[in-house]
Structures are given as structure tokens and as C-alpha cells.
Amino acid sequence: MPVARVSPTSYTGYLPHSSVSVRQARAQLAAALYERDVLSSLVDDAVLILSEFVTNALRHARALNSGMIRVSWELSGEGLLRIEVTDGGGTTRPSTKPYSMSVSAHAGRGLEIVDRLADRWGSQREEGGDEYTVWAELAVRARHAGRRMRPDRGGSGGPTTATVTALPSAPANPAEPSAPEPPEQPTASAPQRPAEQPAAAVIHLLPTYPQR
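What comes next concerns the included structure.

1. Considering helix H2 (residues 40–60)
Right, so step 1: An ideal rise of 1.5 Å per residue puts 30 Å on 21 residues; H2 measures up with 30 Å between its terminal C-alpha atoms.
Right, so step 2: For H2, a buried count of 15 out of 21 residues is recorded, marking the element as mostly surrounded by other parts of the structure.

Given below as C-alpha cells:
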């Protein structure tokens, strides 16, 4: 299945030389990558790399002349993420050779996590000053094109997936109520013949004879 291209982005900011900057840097990078639908597992890797860079700059290096450290990242449309943290330099330099030391060790500035997660990483001293930059590159990719999209936080018209809940269906053969029987119609009866009156008795009178 083809992989969706990511939307390029870049950021450069200055954060205090203080432990609060670790949480702030992590939150900003995670938000930028999630808005571009980068896979969450790759977001976690990128955030861990940045967290390790900032933590080591605070523990083992000085701040810039401004009292800050510089944090930047750039994500190309092809999915290459480059992370950089610049500080005022310190007494040690990170080593890019493989090792298995504690992440809090001073030697190599405790970059074991970066060595495991990044595709490439290194460090360089900026020309004309004491600024020192550590960088890492990590290939990231977006979710597949057929994924469920997050609601666009900026309100612009990205597609969203609606969830439809099916209503329970009616039984296949519902019992139909029997139709009420029509009221019984009175049966038309034949007209009754009037009761026959008893026939009048005919009495035959005998003839009368004249009296003598």
C-alpha cells in the first residue's frame, strides 16, 4: 500500500538553560509531527532523541551567550527529519562510536539512546565561536493513505471519518397480531307469519217450531 508523503516543516527556537526546556522541547516536536500524521512510534523515537540532546546540553555544556540553548528541526517532504541542539560548548564531546554505557555517563555525553534510534548522528563546532551542535537524522513516514484522519486542529478541510452506530434491526418475521374479527352481523330472518287466530266455531241453529 503506498505511503502518504509528509508535509514539510521546520522550527528554530531558543529555550532556557533549565530543566523545564526538556519538557517544552518534547511537547513542541511531538505536536508538529502529530499534526503531519507521522506514525506514533516514530514520533516517540524523535522525541527521545531530542530529549537526550537537550538533557545532555543542560548537564554537560554551557549556555549560549544569551543564556539559552538553540533547538531546531527540519522535516522534508520525503520524510527525513533532522534534529539539532546547539549549546555553548563543554569539556567533553559526544562520541559517535557504538557503545553500551549508561545514558547519564559523562564519557560520550550519554548518547546511547541516540546511537540506537537515529539513522545518522554527529556533532560539530560552529565556526568562529564556542557554539557546539549535536544533530541526528531519522527517516519518518506518515500513516497509510487509507488511515482514519484526525480532526484538523486548524479547522481546515481535512477529511474526517464519521462513526455510524447501527440501530437494532426488527425481527425477521415479527409476529403479526391477528386482525380483529368483524362483529357478527345479525342474520336476516324470514318474516314471521302472524299467528293464526283460531277459526271461529260455526254453530248451526236448529229451526224453531211455533208454540201450540
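2. What to know about the sheet that holds strand E1 (residues 9–16)
Right, so step 1: The antiparallel open sheet is built from five strands, whose spatial order is E1-E2-E3-E5-E4. Each edge of the open sheet is held by one strand with a lone partner, namely E1 and strand E4 (120–125). Across the sheet, the mean angle separating the axes of adjacent strands is 15° when strand polarity is ignored.
Right, so step 2: The pairing of E1 with strand E2 (residues 68–75) spans eight bridges and is antiparallel. Residue Thr12 lies in a different strand from E2, and its bridge partner there is Ser72.
Right, so step 3: Sheet strands touched by H2: E1, E2, strand E3 (80–87) and strand E5 (132–139). Its angle to E3, the strand with the most contacts, is close to 15°.

3. Here we look at the nonpolar core
Right, so step 1: Leu50, Phe53, Val54 and Ile83 are the most contacted members of the largest nonpolar core, which totals 36 residues.
Right, so step 2: With ten residues, H2 is the largest single contributor of residues to this core.
Right, so step 3: With sequence-adjacent residues up to four places away left out, Val54 is seen in contact with Ser21, Val22, Ala25, Ile69, Val71 and Val85.

4. Here's the deal with helix H1 (residues 20–34)
Right, so step 1: Along its 15 residues, H1 runs 22 Å from first to last C-alpha, staying within 8% of the 21 Å computed at 1.5 Å per residue.
Right, so step 2: The set of residues buried in H1 consists of Ser21, Val22, Ala25, Leu29, Ala30, Ala32 and Leu33. The arc that holds every buried residue of H1, seen down its axis, measures 165°, which confines them to one face.
Right, so step 3: Turning to H1, the residues buried within the fold contact E1, H2, E2 and E3.

5. Focus on the packing of aromatic side chains
Right, so step 1: Tallying each qualifying case throughout the model produces one aromatic pair.
Right, so step 2: Seen from their ring centres, Tyr11 and Trp73 are 4.4 Å apart, and the 25° between their planes marks the pair as stacked. Here the residue Tyr11 occupies a position in strand E1, and Trp73 occupies one in strand E2, the gap between them amounting to 62 residues.
Right, so step 3: For Tyr11, a relative accessible area of 25% corresponds to the partly exposed category.

6. Some remarks on unusual backbone geometry
Right, so step 1: One non-glycine residue, Asp37, adopts positive backbone phi at about 60°.
Right, so step 2: For Asp37, the position within the fold is in the loop between H1 and H2.

7. A look at the pattern of salt bridges
Right, so step 1: According to the stated counting rule, one finds five salt bridges in the structure shown.
Right, so step 2: A salt bridge links Glu131 to Arg70; the shortest N-O distance between them is 3.5 Å. Of the two residues, Glu131 is situated in the loop between E4 and E5 and Arg70 in strand E2; the sequence distance between them amounts to 61 residues.
Right, so step 3: You can call Glu131 partly exposed: its relative accessible area is 30%.
Right, so step 4: The shortest N-O distance in the salt bridge between Glu112 and Arg116 comes to 2.4 Å.

8. Focus on the environment of Trp135
Right, so step 1: For Trp135, the location among the structural elements is in strand E5.
Right, so step 2: For Trp135, a relative accessible area of 11% translates into the label buried.
Right, so step 3: Linking Trp135 and Phe53, residues 82 residues apart in sequence, is a C-alpha distance of 8.3 Å.
Right, so step 4: The contacts of Trp135, once residues within four sequence positions are left out, are Phe53, Arg82, Ile83, Glu84, Arg120, Trp121, Gly122, Ser123 and Gln124.

About the criteria used
- Residues numbered from 1 in each chain as written.
- Predicted model: local features only at pLDDT ≥ 70, side-chain atom pairs only at ≥ 80, totals over all residues.
- Heavy atoms only, no water.
- Helix = DSSP H or I, 4+ residues; strand = E, 2+ residues; numbered from the N terminus.
- Expected span 1.5 Å × (residues − 1).
- Buried < 20%, exposed > 50% of the residue type's maximum accessible area, 1.4 Å probe, protein only.
- Pairing = 2+ DSSP bridges.
- Axes fitted to C-alpha atoms, helices over the stretch in contact; angles between N-to-C directions.
- Contact = heavy atoms within 4.5 Å.
- Core = buried A, V, L, I, M, F, W, Y, C linked by side-chain atoms within 4.5 Å.
- Arc of directions from axis to C-beta.
- Phe/Tyr/Trp six-rings, centres within 6.5 Å; stacked < 30°, edge-to-face > 60°.
- Salt bridge = Lys/Arg side-chain N within 4 Å of Asp/Glu carboxyl O.

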